[in-house]
Amino acid sequence: MKKKIPSLLFALIWGVSLPVFSQLPVYLDDTKPVEERIDDALSQMTLEEKIAMCHAQSKFSTPGCPRLGIPEIWMSDGPHGVRMEFVWDDWRHAHWTNDSCTAYPALTCLAATFNPELAYRYGKALGEEARYRGKDIILGPGVNIYRTPLSGRNFEYMGEDPYLSSIMVVPYIQGVQENGVAACVKHFVLNNQEKYRNAINVEVSDRALNEIYLPAFRAAVERAGVWAVMGSYNKYKGSYCSHNDTLINKILKGDWKFDGVMLTDWGSAHDTDEAARNGLDLEMGTWTNGLTWGLSSTYDQYYLARPFLEKIKRGELSETLLDEKIRRILRLCFRTNMNRQRPYGRKLTEEHTAIARKVAEEGIVLLKNEKEFFPIAPGRYKKIAVIGENAVKKLTEGGGSSELKARREISPLQGLIEKYGEENIVYSMGYASGAPDYSRELPSGFDADSLVRCAVEVAKNADVVLFFGGLNKNFRQDCEGDDRESMDLPYGQNELLDKILQVNSNVGVVLISGNAVSMPWLKAVKGLMQSWYLGSEAGVATARVISGEVSPSGKLPFSIPCKLEDNSAHYFGLESYPGDGENVYYHDDILVGYRWHDTRHIDPLFPFGYGLSYTRFEYGDTRTDKVAYDICDTVRVEVEIANVGRMDGAETVQVYVSQKNPSLPRPVKELKGFRKFFLRKGEKKWVTLEVPVQDFAFYDDRQSRWVVEPDSYQLQIATSSRDIKQAVEVRVNP
Ligand code: GLC
């Protein structure tokens, strides 16, 4: 009979031998510090393996290191949902059958909720879907500032105010990255127009750069710990942003201590030496023949591919530059696809649908409500005319890289039929656009005159008209790659509305867009909502708000000017927007959006931060915890607010700060705090907001640093940038 080895002796042998035989290399060992793992992996990689890792191998992936078992990195757009799959090496969809997604509302809608908790839940849900789809980087959020109402990509961003964008971007990124997926904040920086985007050089003051255009990126890095940043196409002070020494080496990686990966936009790299020296870590989407469209599968021609390798071999560029890039890429791997602890993700769940709907209904902004036109309770009218192509058009398609293959997209018409019953709804398209296209407006195939005639007939015979208009994701609308050519509604909508109003005065308008539009019919309509690209749950959310199931609580994340020339970017002529194709000068400087309107006393049609409710809020006393503060203090503001209306509802209290005697010109007010809260009808409560005195600072370009000056400051408690309810004065001590 075999002699049994005493169990203690067996355990001893096993225990001792285990580490010897199954010694994991350090870089694969999760128990080791990440920096040790990086050193270990780097020390084992050849020059060619390192070169391969810092540029694309396909449209949306980069190679890992097969020999060492370091995985490839897979990425996908975009900010509002996980985009469909593409063929390996060009812009054709792969037409897989497992790549549909939940389409979340556009980020302008998320910003309009003024609800950071929703931003976290949004990011968490998006990151879950990205993880499930095997993506290590989701190419979003976009936080470029809304400077002109014409920019084709404003719908992807979070509005005109740097503070609002900074507060909303942080929880979004944290939510995404909890899934072990890197968020990639974009487009760093000054991508505030699509016209001439590939090479326009932006000339902007240091103050405007720091006070308006950088804050949201800085918050993403310093407060959210974002793992990736995407460079923009344009130039800053003559150098491409994607390999710009000042922006990347000095500000992003120096001042802000960004430890993640700096990657290009697709095709935004233009030079090997600059890319190598100026902090670019990962090159994607380069037009490999350097002239027009990319030759297929010529990734070796990328700037950070063979040209980089040869310059290192010739001693013209140091291998240390390459090692620093690989360190960052490896760190991203250890945070994502080499992190064994990360969850597995989920997609298309009921929770995902619920958050898409919640953001949509909290983002809709009620702008006008004469004689309680809204809400329209079911049964109030027998015949509701729904008119306009935007009541039915699929708006998750088109628009550029944020396009989605939504598993479902409930249109406003579907939502209204569901809510009111088919027998009470009559629809007419009224106007029509072509299918989305990125280089031209395709014909719609409809006869415009007959669409108008039908719509007017339907309106004439209805009790009430709901007009669904606005923009869409077509060329030179809300679409990447170019800008709109005016603020006017397209496709003859203004004329159509005039004809409808001649036969029925009981009209409400729902605008769906990512930008401000002109509204010549505003006085004539009874109700107006600013809605957004709401994604999968568009119709459900729209119907819940219109019917009064939910009281609207959205606030405008951008100003709506009376006319284009009232906007800061358009006030200074073509040089200020869109520039001459070479340069654009931001003459509006630090006065963007309400900062412009309020400092220059130019009344907007609707102000930043504005939004009505079905109920009414009354502001009572306001108090602060002290009168005089030191720079390291935080001002604690308490505001008494009552819901005196007939419905439950949510309000967003805003705090604007105004310095009394600044040593440099400042806007008359700057948003430095907001808080959204829910109040039942009849409920009253004290709402507390905290504003760090550090946030009173401005960027002093004489000293190249932020300063808070001892002075008096007025804190304006407001329900919009123009509607100040209370004001309190505080002092900052020397
Ligand atoms: C596009 C966009 C960018 C997107 C990338 C990949 O040009 O500018 O936002 O993430 O290419 O599609």
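Look a little higher up for the structure.
Residues numbered from 1 in each chain as written. Predicted model: local features only at pLDDT ≥ 70, side-chain atom pairs only at ≥ 80, totals over all residues. Heavy atoms only, no water.

### Focus: the overall build of the chain
No. 1: The helix and strand tally for the chain stands at 19 helices and 26 strands.
No. 2: Scaling as 2.2 N^0.38, a compact globule of 734 residues should have a C-alpha radius of gyration of about 27 Å, and the chain matches this with 27 Å.
No. 3: In terms of principal-axis extent, the alpha carbons of the chain reach across some 95 × 70 × 65 Å.
No. 4: Expressed as a percentage of the 734 residues in the chain, the buried residues total 63%.
No. 5: Expressed as a percentage of contacts within the chain between residues at least 6 apart in sequence, the contacts between residues at least 24 apart total 76%.
No. 6: Carbon and sulfur atoms form 52% of the exposed surface of the chain, whose accessible area is close to 27700 Å². (Helix = DSSP H or I, 4+ residues; strand = E, 2+ residues; numbered from the N terminus. Rg over C-alpha atoms; globule rule 2.2 N^0.38 Å. Buried < 20%, exposed > 50% of the residue type's maximum accessible area, 1.4 Å probe, protein only. Contact = heavy atoms within 4.5 Å. Areas by Shrake-Rupley, 256 points an atom, 1.4 Å probe, with all protein chains shown as cover.)

### Some thoughts on the pairing of strand β4 (residues 182–188)
No. 1: Of all the seven residues making up β4, seven are buried; the element is thus mostly covered by neighbouring parts of the structure.
No. 2: Bridging between strand β3 (residues 137–138) and β4 involves two bridges; their strand directions are parallel. Its bridge partner being in β4, Ile138 is matched across the sheet by Ala183.
No. 3: Of the pairings in the sheet, the one linking β4 to strand β6 (residues 228–231) comprises three bridges and is parallel in character. What sits directly across from Cys184, in β6, is Ala228. (Pairing = 2+ DSSP bridges.)

### What to know about the state of the cysteines
Note on terminology: disulfide describes a covalent bond linking the sulfur atoms of two cysteines.
No. 1: With the rule as written, the count across this model stands at zero disulfides.
No. 2: Among the cysteines around Cys479, which has no disulfide bond, Cys101 carries the closest sulfur, lying 18 Å off.
No. 3: Assessed through its relative accessible area of 1%, Cys479 is described here as buried. (Disulfide = S-S within 2.5 Å.)

### Considerations on empty space enclosed by the protein
No. 1: Enumeration over the complete set of coordinates arrives at three cavities of 30 Å³ or more.
No. 2: In this model, the largest cavity occupies a volume close to 170 Å³.
No. 3: As for the largest cavity, its lining consists of 21 residues, of which Leu395, Glu409, Tyr533, Leu534 and Gly535 are closest to the centre.
No. 4: Of the residues contributing to the lining of the largest cavity, the split by class is eleven nonpolar, seven polar and three charged.
No. 5: Counting only domains with at least three residues in the lining of the largest cavity, you end up with domain 1 (19–335) and domain 2 (350–558).
No. 6: Approximately 70 Å³ is the volume attributed to the second largest cavity.
No. 7: Forming the walls of the second largest cavity are Tyr146, Arg147, Pro149, Glu160, Ser559, Pro561, Asn567, Ser568, Val592, Gly593, Trp596 and His597.
No. 8: Its residues placed into classes, the lining of the second largest cavity shows five nonpolar, five polar and two charged.
No. 9: Here the lining of the second largest cavity spans two domains, since at least three of its residues come from each of domain 1 (19–335) and domain 3 (560–608). (1 Å grid on protein atoms, 1.4 Å probe; cavity = no way out; pocket = protein on both sides within 12 Å on 5 of 7 lines; lining within 4 Å. Points joined across faces, edges and corners; volume = space filled by probe spheres on them. Nonpolar A, V, L, I, M, F, W, Y, C, P; charged D, E, K, R; others polar. Domains from an automatic or database assignment.)

### Overview of unusual backbone geometry
No. 1: Note that the residue after Phe188, namely Val189, is joined by a cis bond; omega there is 0 degrees.
No. 2: The residue Val189 is located in the loop between β4 and β5 (201–203) in this model.
No. 3: Residue Pro578 follows Tyr577 across a cis peptide bond; omega there is 0 degrees.
No. 4: Note on placement: Pro578 falls in the loop between α18 (568–571) and β16 (583–585).
No. 5: Here the phi dihedral of His601 falls at roughly 50 degrees; this positive angle occurs in a residue that is not glycine.

### A word on the site of the ligand
No. 1: If you check the shell around the ligand, you find 15 residues, and the closest are Asp77, Arg153, His187, Tyr233 and Asp265.
No. 2: Taking Asp77, its side chain carries an N or O atom lying 2.5 Å from an oxygen atom of the ligand.
No. 3: With respect to the ligand, the side chain of Tyr233 contributes an N or O atom lying 2.7 Å from an oxygen atom.
No. 4: Within the complex, the protein chains bury 97% of what would otherwise be the 310 Å² of accessible surface of the ligand. (Near = heavy atom within 4 Å. Polar contact = N/O pair within 3.5 Å; in protein donor to acceptor, adjacent residues only side chain to side chain.)

### Overview of the sheet that holds β16
No. 1: Read from one edge of the open sheet, four strands run β8-β7-β5-β16, paired in mixed fashion. Here the strands that pair on one side only, and so sit at the sheet edges, are β8 (239–240) and β16.
No. 2: Where β5 lies against strand β7 (residues 235–236), two bridges are found, and the strand directions are parallel. Residue pairing across strands places Val202 opposite Tyr236, the latter belonging to β7.

### Topic: the environment of Tyr533
No. 1: Take Tyr533: it is sitting in the loop between β15 (527–531) and α17 (538–546).
No. 2: Taking the C-alpha atoms as reference points, Tyr533 and Glu156, separated by 377 residues in sequence, lie 9.6 Å from one another.
No. 3: Excluding residues within four positions of it along the chain, Tyr533 makes contact with Pro105, Ala106, Phe155, Leu395, Leu471, Asn472, Lys473, Asp478, Ile512, Ser513 and Gly514.
No. 4: Polar side-chain contacts of Tyr533 include one of 3.4 Å to the backbone nitrogen of Asn472.

### Description of the packing of aromatic side chains
No. 1: As enumerated under the stated definition, the model contains 28 aromatic pairs in all.
No. 2: With 5.8 Å between their ring centres and 90 degrees between their planes, Phe86 and Trp91 make a pair best called edge-to-face.
No. 3: Take Trp91: its relative accessible area is 32%, and that puts it in the partly exposed class.
No. 4: Judged by centre distance (5.9 Å) and plane angle (75 degrees), the rings of Tyr699 and Trp706 are edge-to-face.
No. 5: Three or more aromatic residues joined by ring pairs make a cluster, and in this case those are Phe114, Tyr163, Tyr594, Phe608, Tyr656 and Phe674.
No. 6: Across the ring face of Tyr196, the terminal group of Lys195 is positioned such that the distance to the ring centre comes to 5.6 Å.
No. 7: Between the NZ or CZ atom of Arg623 and the centre of the ring of Trp686, over which it lies, the distance is 3.6 Å. (Phe/Tyr/Trp six-rings, centres within 6.5 Å; stacked < 30°, edge-to-face > 60°. Lys NZ or Arg CZ within 6 Å of the ring centre and 35° of its normal.)

### Considering the layout of surface pockets
No. 1: By volume, the second largest pocket is sized at about 900 Å³.
No. 2: In this structure, the second largest pocket is lined by 37 residues; those nearest its centre are Asn210, Glu211, Pro215, Arg218 and Trp706.
No. 3: Elements that contribute at least two residues to the lining of the second largest pocket include exactly α6 (162–177), α7 (206–213), α8 (215–222), α9 (245–255), β21 (670–679), β23 (698–700) and β24 (705–707).
No. 4: It is α7 that contributes the most residues to the lining of the second largest pocket, five residues altogether.
No. 5: Among the residues making up the lining of the second largest pocket, the classes are represented as 18 nonpolar, five polar and 14 charged.
No. 6: For the lining of the second largest pocket, the two domains that each supply at least three residues are domain 1 (19–335) and domain 4 (617–732).

### Let's talk about the environment of Tyr233
No. 1: Of note, Tyr233 is situated in the loop between β6 and β7.
No. 2: Residue class for Tyr233 comes out buried when judged on its relative accessible area of 8%.
No. 3: Along the sequence, Tyr233 and Pro662 sit 429 residues apart, while their C-alpha atoms lie 36 Å from each other.
No. 4: In this structure, Tyr233 is in contact with Arg197, Asn198, Tyr240, Asp265, Trp266, Gly267 and Ser268, ignoring residues within four places of it in sequence.
No. 5: At 2.8 Å, the side chain of Tyr233 and the backbone oxygen of Trp266 are in polar contact.

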